[in-house]
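Spelled out, the chains give:
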Amino acid sequence: MCTHTPTCPTADSPDREAAQTIAAHPEQGWSLLCNSVLIFEDTGELLPDGQIVAPHRPVGTDARGRQADLAAA
């Protein structure tokens, strides 16, 4: 259960990615959020019930949402 104030969004909320990070492993490309969602560097997600959310980074942006230099790819 979340003890943050305000309470983090639940795993089934549209804004689930706004939950607090409780464990981060950037060297492995994933983080665990307070709502038990695993979020991956490519913006994919694994929900607590086993559902997979495909990566949803907009085309032409990098992992931080910045405009990517597609000519360098």
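Residues numbered from 1 in each chain as written. Predicted model: local features only at pLDDT ≥ 70, side-chain atom pairs only at ≥ 80, totals over all residues. Heavy atoms only, no water.

**Q** Looking at this structure, I do not really get the pattern of salt bridges. What am I missing?
**A** Pairing between side chains of opposite charge can happen when the charged atoms of each approach one another. Within this structure, the stated rule accounts for one salt bridge. Between Glu45 and Arg16 there is a salt bridge; the shortest N-O distance is 2.7 Å. Of this pair, Glu45 sits in strand 4 (residues 45-46) while Arg16 sits in the segment before strand 1 (21-25), placing them 29 residues apart in sequence. Classification of Arg16 by relative accessible area gives buried; the value is 16%. (Salt bridge = Lys/Arg side-chain N within 4 Å of Asp/Glu carboxyl O. Helix = DSSP H or I, 4+ residues; strand = E, 2+ residues; numbered from the N terminus. Buried < 20%, exposed > 50% of the residue type's maximum accessible area, 1.4 Å probe, protein only.)

**Q** Can you walk me through the sheet that holds strand 3 (residues 38-40) in this structure?
**A** Sheets are built from strands paired through backbone hydrogen bonds, the pairs being either parallel or antiparallel. With antiparallel pairing, the five strands of this open sheet are ordered in space as 1-2-3-4-5. A single partner strand is all that each edge strand has here, and the edge strands are strand 1 and strand 5 (52-53). (Pairing = 2+ DSSP bridges.)

**Q** I tried to follow a nonpolar patch on the surface on my own but got confused; where do I start?
**A** On the surface, Phe40, Leu46 and Ile52 cluster together into a nonpolar patch covering about 280 Å² of accessible area. Among the secondary structure elements, Ile52 is positioned in strand 5. Classification of Ile52 by relative accessible area gives exposed; the value is 70%. (Patch = residues over 30% accessible without salt bridge, like charges linked within 9 Å, V, L, I, M, F, W, Y side chains within 5 Å. Areas by Shrake-Rupley, 256 points an atom, 1.4 Å probe, with all protein chains shown as cover.)

**Q** Is there a simple way to explain the nonpolar core in this structure?
**A** In globular proteins that are soluble, nonpolar side chains generally tend to be buried together. One finds Cys2, Cys8, Ala11, Ala19, Leu33, Cys34, Val37, Ile39, Leu47 and Val53 forming the largest nonpolar core, which totals 10 residues. When neighbours within four sequence positions are excluded, Leu47 is seen to be in contact with Ala11, Arg16, Val37 and Val53. (Core = buried A, V, L, I, M, F, W, Y, C linked by side-chain atoms within 4.5 Å. Contact = heavy atoms within 4.5 Å.)

**Q** I would appreciate a short explanation of the pairing of strand 2 (residues 30-33) in the present structure.
**A** Looking along a regular strand, one sees side chains alternate from face to face of the sheet. The side-chain alternation of strand 2 yields one buried face, formed by Ser31 and Leu33, and one unburied face, formed by Trp30 and Leu32. Pairing analysis gives four bridges linking strand 1 to strand 2, with the strands arranged antiparallel. Opposite Ala24, over in strand 2, you have Ser31 as the bridge partner. Linking two consecutive strands that pair antiparallel, namely strand 1 and strand 2, is a turn of four residues; a positive phi of about 85 degrees is found at Gly29 within it. Between strand 2 and the antiparallel strand that follows it, strand 3, lie four residues; Ser36 among them carries a positive phi value of about 70 degrees.

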